[in-house]
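In case you want the letters, here they are:
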Amino acid sequence: MGKIISFSNKKGGVGKTTTAINMAAYCADLGKKVLLVDIDSQGNATTGLGFSKSALKKSVYNVLIEDDNAASNILPTQVKLLDILPANVDLTGAEVDLVYKKNREHILKTALDKIRGDYDYIFIDCPPSLGLLTINAWVASDSVIIPLQSEYYALEGVSQLMNTIAMVRQHLNPNLQIEGVVITMYDGRALIAKQITAEIKKFFKNKLYEIIIPRNVRLAEAPSHGVPIMIHDPKCVGARAYKALAEEFLSRQV
């Protein structure tokens, strides 16, 4: 039975989608069958793996709103063993459309439960908000990975994120866990980055991954080419970091 993990942070621009794409790609490269689900209306995970949002006729929107079968909306990617359930432009209105759906918080869970046996891991790239799409992801998930930038405001938004996770655990998914926290876009030259990293470690303790993702131009370039970093520049420092992070993640699995 595949493990379902959401990648979440209510703050945008923290490397959430970059982390979801590249962890998915490297886990697949390490022999795991992986599905990446894009439920962010920006569709960056979709375009980051080489698909055009405007050209896609079917997407996760059809699953959430039109009760389509998830399997019929999944596409293979150019990475062996990695599939995607993509987002298209229709997803922009999904938050509003979901309000009127029966059992609206459980729609994604119902869909993914039917296919989770086909994968070792299902990664969900969530929107940078705590709305119904993110709630759907958390209800469907076994755990959450939180990418955090080592900057002053990082921990400020985390308390609200943790409170919402606690509410979902209390009312909708009692088994939801924090899988791990990964520090992204790290600039080791900045003293504040080191101080914030120490604070994050104090707060999350053993949930914090040892591997830290550095700021890296090649990482920033890869999405515009529609490929994960392992294809764009497998020898750059960002690629080596994400490969090591995927290895650390897999080593923690029971």
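The preceding data block contains the structure.
Criteria and cut-off values
- Sequence order as written defines the numbering, with residues in each chain counted from 1.
- Two thresholds apply to this predicted model, a pLDDT of at least 70 for residue-level local features and 80 or more for giving and counting side-chain atom pairs, whereas whole-chain, interface and lining totals are computed over all residues.
- Side-chain measures here rest on the full set of heavy atoms in the structure, leaving out hydrogens and waters.
- Centres within 6.5 Å are what make two rings of Phe, Tyr or Trp a pair, Trp counting through its six-membered ring; a difference in plane orientation under 30 degrees is then read as stacked, over 60 as edge-to-face, and the rest as tilted.
- The helix count covers DSSP runs of H or I at least four residues long, the strand count covers runs of E at least two residues long, and both are numbered beginning at the N terminus.
- Partly exposed describes any residue whose relative accessible area lies between the buried limit of under 20% and the exposed limit of over 50%, with all areas from a 1.4 Å probe on protein chains only and scaled to the type maximum.
- Between any two strands, pairing holds if DSSP finds at least two bridges.
- Any pair of residues with heavy atoms lying within 4.5 Å of one another is described as a contacting pair.
- As a rule, the C-alpha atoms of each element are fitted with a line to give its axis, helices using only the stretch in contact, and angles between N-to-C directions run from 0 to 180 degrees.
- For classification purposes, angles smaller than 35 degrees are called roughly parallel, those larger than 145 roughly antiparallel, those between 65 and 115 roughly perpendicular, and all remaining angles oblique.
- Crossings are assigned a handedness: left-handed for a near helix turned anticlockwise from the far helix by less than a right angle, right-handed for a clockwise turn.
- Throughout, the ten residues Ala, Val, Leu, Ile, Met, Phe, Trp, Tyr, Cys and Pro are labelled nonpolar, Asp, Glu, Lys and Arg are labelled charged, and all others, Gly among them, are labelled polar.

Student: Tell me about the packing of aromatic side chains, and name the residues and values.
Tutor: Taken as a whole, this structure holds 5 aromatic pairs when the rule is applied. Both rings, one in F7 and one in F123, keep their centres 5.1 Å apart while their planes meet at 65°; by these two values the pair is edge-to-face. Of the two residues, F7 sits in strand β1 (residues 3–7) while F123 sits in strand β5 (residues 121–125), which places them 116 residues apart along the sequence. Overall, the relative accessible area of 0% leaves F123 in the buried class. Relative to F123, the ring of Y121 lies with its centre 6.1 Å away and its plane at 35°, an arrangement referred to as tilted. The exposure classification of Y121 matches that of F123, with both residues buried. One aromatic cluster is present, built from ring pairs that chain together F7, Y121, F123 and F249.

Student: Requested: an account of the sheet that holds β1, with residues and values cited.
Tutor: With respect to topology, 7 strands assemble into an open sheet ordered β3-β4-β2-β5-β1-β6-β7, the strand pairing being mixed. Each of the sheet's edge strands pairs with one partner strand only, and the pair in question is β3 (75–76) and β7 (177–184). With 5 bridges connecting them, strand β2 (residues 34–38) and β5 associate as parallel partners. The residue bridging V34 from the neighbouring strand is Y121, located in β5. Strand contacts of helix α6 (residues 132–140): β1, β5 and β6 (143–149), with the helix running at about 150° to β1, the strand carrying the most contacts.

Student: Explain the packing of helix α7 (residues 154–171) against helix α8 (residues 191–204) to me, and be specific about the residues and the numbers.
Tutor: Between α7 and α8, the shortest axis-to-axis distance is 12 Å and the interhelical angle comes to 20°. Put simply, α7 runs roughly parallel to α8. For the element pair α7 and α8, the recorded crossing hand is right-handed. From α7, L155, V158 and M162 reach across to α8, where they touch E199, I200, F203 and F204. Among the residues forming the contact of α7 with α8, the class breakdown is 6 nonpolar, no polar and 1 charged.

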